[in-house]
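# Observations on the model geometry
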Amino acid sequence: MSFTSDEVNYLIYRYLSESGFVHSAYLFGLESHIAHTSINGNIVPPGALLSLIQKGLYYTEAELCIGDDGQERTCDNLSLIDAVVPEIVETRRRELHQQQQQQQQQPHHHQQSSSSSSLTGASGKIEAKSSSRTAIHSSNPNEKDRSPIHHITNTSPQSANPSLSDRSTMDPSSINGGITYPNSSSLEHGSSSLRSLNSSLTGHSSATAQSHYSHNHPLLSSHTNTHQSALSTGNYPPISNGNDNNTHLSYSNSTNHIAIPKHEPMDYETSNSSHHHSHYPGNSTSNSLTVPSGSLNNNNNSNNNNNLMMNGSVEIPPNRVTVLRGHESEVFICAWNPTHDLLASGSGDSTARIWNLQGSREPEMVLRHCIRRGDTQVPSNKDVTSLDWNPSGTQLATGSYDGYARIWSSDGNLASTLGQHKGPIFALKWNKKGNYILSAGVDRTTIIWDANSGHCEQQFAHHTAPALDVDWQSDITFASCSTDQKIHVCRLGESRPVKTFHGHQNEVNAIKWDPQGRLLASCSDDMTLKIWTMTKDTPVHNLQAHSKEIYTIKWSPTGPGTMNPNATLLLASASFDSTVRLWDVERGICQSTLVKHSEPVYSVSFSPDGRLLATGSFDKAIYIWDIARGEIVHSYRGTGGIFEVCWNSRGTRVGASASDGTVCVLDLRK
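Quick caveat, the model's predicted, so the values are computed rather than measured.

## Here's the deal with the overall build of the chain
Looking only at helices and strands, one finds eight helices and 41 strands in the chain. Among the 670 residues that make up the chain, the fraction classed as buried is 58%. Put simply, 58% of the contacts in the chain that link residues at least 6 apart link residues at least 24 apart. Surface exposure of the chain reaches about 27,600 Å², of which carbon and sulfur atoms provide 49%.

## Looking at the sheet that holds strand S21 (residues 446-450)
Strand order in the open sheet formed by four strands is S19-S20-S21-S22, with antiparallel pairing between adjacent strands. Looking along the sheet, the strands with just one partner apiece sit at the ends: strand S19 (425-430) and strand S22 (456-460). Direction aside, neighbouring strands of the sheet carry axes that sit 15° apart on average. Where strand S20 (residues 436-441) lies against S21, five bridges are found, and the strand directions are antiparallel. Considered in S21, the bridge of Ser-439 is made with Ile-447.

## Section: the pairing of strand S32 (residues 570-575)
Counting buried residues along S32, six of its six residues qualify, which places the element largely inside the surrounding structure. What you see with S32 is no split at all: Leu-570, Ala-572 and Ala-574 on one side and Leu-571, Ser-573 and Ser-575 on the other are buried throughout. Relative to S32, strand S31 (residues 550-555) runs antiparallel, the two being bridged by five bridges. When the sheet's bridge partners are listed, Lys-554 is paired in S32 with Ala-572. In the sheet, S32 pairs with strand S33 (residues 579-584) via five bridges, with the strands oriented antiparallel. Bridging from a neighbouring strand, Ser-573 pairs with Arg-581 of S33.

## Observations regarding the environment of Trp-625
As for its position among the elements, Trp-625 is in strand S37 (residues 621-626). At 3.1 Å, the side chain of Trp-625 forms a polar contact with the side chain of Thr-615.

## Digging into helix H3 (residues 48-65)
The terminal C-alpha atoms of H3 lie 26 Å apart, and with 18 residues this matches the ideal 26 Å at 1.5 Å per residue to within 8%. When H3 is considered as a whole, its buried residues turn out to be Ala-48, Leu-50, Ser-51, Gln-54, Leu-57, Tyr-58, Thr-60, Glu-61, Ala-62, Leu-64 and Cys-65.

## What to know about the pairing of S21
Burial of S21 is extensive: five of the five residues sit out of reach of the surface. Of the two faces of S21, the one holding Thr-446, Ile-448 and Asp-450 and the one holding Ile-447 and Trp-449 are both buried throughout. As paired strands, S21 and S22 are joined by four bridges and run antiparallel to one another. Considered in S22, the bridge of Thr-446 is made with Phe-460. Counting the residues in the hairpin turn of S21 and S22 gives five residues, including Gly-454, whose phi is positive at 80°.

## Thoughts on helix H2 (residues 22-31)
Buried within H2 are the following residues: Val-22, Ala-25, Tyr-26, Gly-29 and Leu-30. On an axial view of H2, the arc spanned by its buried residues comes to 130°, and they lie on one face. Taken together, the buried residues of H2 touch helix H1 (5-18). Directly beyond the C-terminal end of H2, a positive phi value near 55° is found at His-33.

## Observations concerning unusual backbone geometry
In this model, His-33 sits at a positive phi of 55°, which is unusual for a non-glycine residue. Accessibility expressed as a relative area gives 46% for His-33, which makes it partly exposed. A positive phi angle is found at Ser-578, which is not glycine, with a value near 75°. Along the chain, Ser-578 falls in the loop between S32 and S33. Residue classification places Ser-578 among the buried positions, given a relative accessible area of 13%.

## Some details on the nonpolar core
Grouped together as the largest cluster of nonpolar side chains are 20 residues, with contacts concentrated most on Ile-354, Leu-367, Leu-387, Trp-389 and Leu-396. Taken together, the elements giving at least two residues each to this core come down to strand S9 (331-336), strand S10 (342-347), strand S11 (351-356), strand S12 (364-368) and strand S15 (384-389). Among the nonpolar cores identified, the runner-up in size contains 18 residues, and Val-321, Ile-624, Tyr-636 and Leu-666 belong to it.

## Here's the deal with the packing of H1 against H3
For the pair H1 and H3, the least separation of the axes is 8 Å and the interaxial angle reads 115°. Here H3 runs roughly perpendicular to H1, going by the angle between their axes. Taking contact as the criterion, the partners of Leu-11, Ile-12 and Tyr-15 in H1 are, on H3, Ala-48, Leu-49, Leu-50 and Leu-52.

## With respect to the sheet that holds S37
Here we have four strands laid out as an open sheet, ordered S35-S36-S37-S38, and antiparallel in their pairing. The two strands at the open ends of the sheet, each matched to only one other strand, are strand S35 (601-606) and strand S38 (631-637). The average undirected angle you get between the axes of adjacent strands in this sheet is 20°. Examined bridge by bridge, S37 and S38 share six bridges and lie antiparallel to one another. Bridge pairing links Asp-626 to Glu-631 in S38.

## Side note on the packing of H1 against H2
Think of two packed helices as two axes; the pair is described by the angle between the axes and how far apart they sit. In the contact formed by H1 and H2, the axes pass within 8 Å of each other and the chain directions differ by 160°. Considered as vectors, H1 and H2 are oriented roughly antiparallel to each other. Viewed along their axes, H1 and H2 form a crossing whose handedness is left-handed. Residue-level inspection shows Asn-9, Ile-12, Tyr-13, Leu-16 and Ser-17 of H1 in contact with H2, the latter providing Ser-24, Ala-25 and Phe-28. Taken together, the residues of the contact of H1 with H2 sort by class into five nonpolar, three polar and no charged.

## Describing the pattern of salt bridges
Where charged atoms of side chains with opposite charge meet at close range, the side chains can pair. In this structure the tally under the stated criterion is 17 salt bridges. A salt bridge links Arg-94 to Glu-90; its shortest N-O distance comes to 3.9 Å. In this pair, Arg-94 and Glu-90 are both assigned in helix H5 (residues 86-110), four residues apart and thus about one turn of the helix distant. Taking the relative accessible area as the measure of exposure, Arg-94 reaches 44% and is therefore partly exposed. Linking Lys-512 and Asp-469 is a salt bridge whose minimum nitrogen-to-oxygen distance equals 3.4 Å. Note that Lys-512 is positioned in strand S27 (residues 508-513) and Asp-469 in strand S23 (residues 467-472), a separation of 43 residues in sequence. Through salt bridges with shared partners, a single network forms among Lys-429, Asp-469, Asp-471 and Lys-512.

## Describing the packing of aromatic side chains
Applying the stated rule across the entire model yields 12 aromatic pairs. Between Tyr-10 and Tyr-13 the ring centres are 6.3 Å apart and the planes differ by 50°, which places this aromatic pair in the tilted class. Residue Tyr-10 and its partner Tyr-13 are located together in helix H1, separated by three residues, close to a single helical turn. Ring centres of Phe-460 and Phe-478 lie 5.1 Å apart, and the angle between their planes is 75°; on these two criteria the pair is classed as edge-to-face. Of this pair, Phe-460 sits in strand S22 while Phe-478 sits in strand S24 (residues 477-482), and the two are 18 residues apart along the sequence. As far as the burial class goes, Phe-460 and Phe-478 line up, both buried. An aromatic cluster is present here, built from Phe-332, Tyr-551, Phe-576, Tyr-602, Phe-618 and Phe-643 joined pairwise through their rings.

Thresholds, definitions, all that
Along each chain, residue indices are assigned from 1 in the same order as the chain's sequence is written. At least 70 in pLDDT is required for a residue's local features to be given in this predicted model, at least 80 for side-chain atom pairs to be given and counted, and no such filter applies to totals for whole chains, interfaces and linings, which use all residues. To obtain the side-chain values, all non-hydrogen atoms of the structure were included, while hydrogens and water were left out. Every helix listed is a DSSP run of H or I at least four residues long, and every strand listed is a run of E at least two residues long, numbered separately from the N terminus. Per-residue accessibility, obtained with a 1.4 Å probe over protein chains only, is compared with the maximum for each type, and a residue is labelled buried under 20%, exposed over 50%, and partly exposed between these values. Residues count as neighbours in contact if any of their non-hydrogen atoms are within 4.5 Å of one another. The Shrake-Rupley method, run with a 1.4 Å probe, gives the accessible areas here. Residue values count only the displayed protein chains as cover. Note on pairing: two strands pair once DSSP finds at least 2 bridges between them. Helix axes are fitted only over the stretch in contact, all axes being lines through C-alpha atoms; the angle between N-to-C directions runs from 0 to 180 degrees. Between N or O atoms, a polar contact is any pair within 3.5 Å; within protein, one atom must be a potential hydrogen donor and the other a potential acceptor, and residues adjacent in sequence are included only when both atoms are from side chains. Expected helix span is taken as 1.5 Å per residue step, with the number of steps being one fewer than the number of residues. The directions considered for the arc run from the helix axis to the C-beta atoms. For this analysis, a nonpolar core means a set of buried residues of the types Ala, Val, Leu, Ile, Met, Phe, Trp, Tyr and Cys, connected via side-chain atoms within 4.5 Å. For classification, angles of less than 35 degrees are called roughly parallel, those exceeding 145 degrees roughly antiparallel, those between 65 and 115 degrees roughly perpendicular, and all remaining angles oblique. The crossing is said to be left-handed when, going from far helix to near helix, the turn is anticlockwise and less than a right angle, and right-handed when the turn is clockwise. Each residue is assigned to one class: nonpolar for Ala, Val, Leu, Ile, Met, Phe, Trp, Tyr, Cys and Pro, charged for Asp, Glu, Lys and Arg, and polar for all the others, Gly among them. In what follows, salt bridge is the name for a side-chain nitrogen of Lys or Arg lying within 4 Å of a carboxyl oxygen of Asp or Glu. Put simply, two rings from Phe, Tyr or Trp (the six-membered ring, in Trp's case) pair if the centres are within 6.5 Å, and we call them stacked under 30 degrees between planes, edge-to-face over 60, tilted for the rest.

Okay, structure coming up:
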């Protein structure tokens, strides 16, 4: 038997990530260089460390329960701490040995007529030993039950196993939910219990989804979960040039470095009744929208000709839901092609996929992210963290935890590999003209890339901690935010930021320019939303209403300069407090609060006409809200926590990516 420190570190990192200790996992991952190991996290099931610990505990108990003569003897369960303290284990062993000897002597004493006093003495000794054992066992006055792993915290709130991610079945006293497993009083019973535990913790084969904070990924909390620690990172060693990153499942053209992707059968299925939202049995329920008096018309009987309730129900019928299966891990992101019904998705299985939903059900295109090792191309085993279509819909850009950005054609061919970052990439955006790509990474830098040549036009190293998000203001000017709590506005050709905004008291998770590029919105772990302009150093508005971290924000496609110029410009914010808020930014007030989700909300998306808002949460629910009426008009409950929701260009479909590796498409056409 042998194991390495890298393997031990990886299991500890996974335990921290799956338990929700995001900042601790981030720090530990940096210091132990998890991202640079060759461990394939796809094959490691959730709860692996706990499973090994419990096996070790059962083995230690077995050593105590089996006597020198090979006979099994009754013994109390060991706590985990007792099992690692040699003095306690040795004391328990001596007590059990003496107890066994005394029990063997008892029949001999019973046969002697004058042995009553001896029997009493023996009983007294047994009682004394029992009392002594009890004294050792309960040396901690606060412990009521020292049974081994009696309560195991759900180590993967984002696990693909529905039993682990369904909070309704868990102990509400635990922040991540708790599952109680039966104790074992014998090795045989323990083995059965252990098998049950392993099944409950893993819940899937090695090819299925892992936890949200996935393998090789201490930083994926941004931007699919921007909970990073606000600190400067260490130096990352250079990543080898990734050109010609083709997999063993592809063939390459050595002239133009085009990788032909493997086409795999696309697994379609329609939702069945078991996936429906239990809150919507068939009649529309009153929404849980809180609005200031007079700010919205909340008339439940008003007519709406925009994708409203069908047959009196807000639940989307099964024949209107398409579930796409193929990814082997969580699907963190998805985005519609701006001109065709092609849906791109990015996953922890180190692939992006393009699903053709234009009519015929063709196999999805699998874009495998590989790196060069020597003379061969091997899968990176790193998560695809970001993706974005160019404005014309002819190319897809992806960012990966392997440190590379890649440009793919819409038919899945690799056009360019962009290698300049010295660590994972968190965000990636095309400009409106489509000639530049902007990326942000853990190496604290942002880069503008020439989309045609794939060359780095300019690298900006102004942040002192990982850069989490970027957004273009114009074709050459952009804003970036970081765990260093700062926002920089930079311009191509300028060596210093043209503007720096200070004000947030914690890491800044997301930034977005309004449709005109006039107002910049930012959200943070400090639970505030701030609105900035280039003419002021301080926020125009400091919006405080959420009670937990604000994860993401989106502007409505309304107001001057948009396709909907007569509609009010709104800003939506999604928070870990399970609510979504709509802000009238011009007035600086919260217009409404959407309260229906029961878990953190990770994504919001406005329909192209600005009348509907899609929200997705880790409670597995997707809600479509009518903004003017303040009501849920469509709902769907999936099989995994929802990371991303997005509308197609016509506003007829909503795509969503989930923690169980599925991608679902909701058809909202009448």
